[in-house]
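Residues per chain are reported as follows:
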Amino acid sequence: MRDRMETTRHDTATVYVVHDGATALHEHDRLGLWLPPGGHVKRDELPHHAAEREVREETGLDPSLLLADPEIETGVVRSLPQPEHLLLEDIHAYEGGEIGHQHVDSVYFATVDSRAIDPDGDERDPEHWEWFTPEQLREADVGDEVETIGIEAIEAVSER
């Protein structure tokens, strides 16, 4: 196994998008998992901006991130909005294999005005997306993390 000091890490951003008591997940072609929209943070992006971009590209929806702390600039230092979760995810080189790299994933919650999924260009087919209520998340095979954080996102939106 590769020494942890040699592991390559990529910054990613994930968004649990919520509308009318449900969150949008897509069936990932390669991984066979149900996941929220997200992807890699580009070199010229901040994580919360990447989160918004990924939602627009993958769903065609315009997200409003739920941010407890606004972005604050005080001269040379900027205070960035905190994600709801900051996760370290092992990405395996092949199923059951060694770790290929890791994702440092900033996880955000967002609201949208509609459930009309219309991906931008060559992004995922709208038919690969489904909206899950908390009950559906508990019953579906979406994985423990997606179930727990998805329900947390729905509850956070209903509380705010």
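In what follows, the accompanying structure is described. (Residues numbered from 1 in each chain as written. Predicted model: local features only at pLDDT ≥ 70, side-chain atom pairs only at ≥ 80, totals over all residues. Heavy atoms only, no water.)

Assigned secondary structure in the protein consists of 3 helices and 10 strands. Helices and strands appear in the protein in the N-to-C order β-β-β-β-α-β-β-β-β-β-β-α-α. Relative to the globule expectation of 15 Å for 160 residues, the C-alpha radius of gyration of the protein, 16 Å, shows essentially globular dimensions. In terms of overall dimensions, the protein has a C-alpha envelope of 45 × 45 × 30 Å along the principal axes. Expressed as a percentage of the 160 residues in the protein, the buried residues total 39%. In the protein, once contacts between residues fewer than 6 apart in sequence are set aside, the share between residues at least 24 apart is 62%. For the protein, the accessible area works out to roughly 9500 Å², and carbon and sulfur atoms hold 46% of it. Of the charged side chains in the protein, 13 are positive and 39 negative; the average position of the first set lies 6 Å away from that of the second. (Helix = DSSP H or I, 4+ residues; strand = E, 2+ residues; numbered from the N terminus. Rg over C-alpha atoms; globule rule 2.2 N^0.38 Å. Buried < 20%, exposed > 50% of the residue type's maximum accessible area, 1.4 Å probe, protein only. Contact = heavy atoms within 4.5 Å. Areas by Shrake-Rupley, 256 points an atom, 1.4 Å probe, with all protein chains shown as cover. Lys, Arg positive; Asp, Glu negative; His and termini not counted. Charge placed at Lys NZ, Arg CZ, Asp CG, Glu CD.)

To continue, consider the pairing of strand 2 (residues 22-27). On any regular strand, side chains alternate: one points to one face of the sheet, the next to the other face. Burial analysis of strand 2 places 5 of its 6 residues in the buried class, the great majority of the element. In terms of strand pairing, strand 1 (residues 9-19) meets strand 2 through 2 bridges, oriented antiparallel. When the bridges of strand 2 are listed, His 19 appears paired with Ala 22. Counted between consecutive antiparallel strands, the loop separating strand 1 from strand 2 contains 2 residues, among which Asp 20 sits at a positive phi close to 50°. Here strand 2 runs beside strand 10 (residues 129-132); their pairing, made up of 4 bridges, is antiparallel. Across the sheet, the residue bridging to His 26 is Trp 129, located in strand 10. Across 2 bridges, the pairing between strand 2 and strand 3 (residues 34-35) is antiparallel. What sits directly across from Glu 27, in strand 3, is Trp 34. Counting the residues in the hairpin turn of strand 2 and strand 3 gives 6 residues, including Gly 32, whose phi is positive at 70°. (Pairing = 2+ DSSP bridges.)

A few words now on the pairing of strand 9 (residues 99-111). For strand 9, a buried count of 10 out of 13 residues is recorded, marking the element as mostly surrounded by other parts of the structure. Pairing analysis gives 10 bridges linking strand 1 to strand 9, with the strands arranged parallel. Bridge pairing in strand 9 places Ala 13 opposite Ser 106. In this sheet, strand 9 lies alongside strand 5 (residues 64-65) in antiparallel orientation, the contact comprising 2 bridges. Note on strand 9: the bridge partner recorded for Ser 64 is Thr 111.

On to the environment of Ala 22, then. Within the secondary structure, Ala 22 sits in strand 2. The sequence separation of Ala 22 and Glu 58 amounts to 36 residues, and the corresponding C-alpha distance is 17 Å. Apart from residues lying up to four places away in sequence, Ala 22 is in contact with Val 17, Arg 115, Trp 131, Phe 132, Thr 133 and Ile 154.

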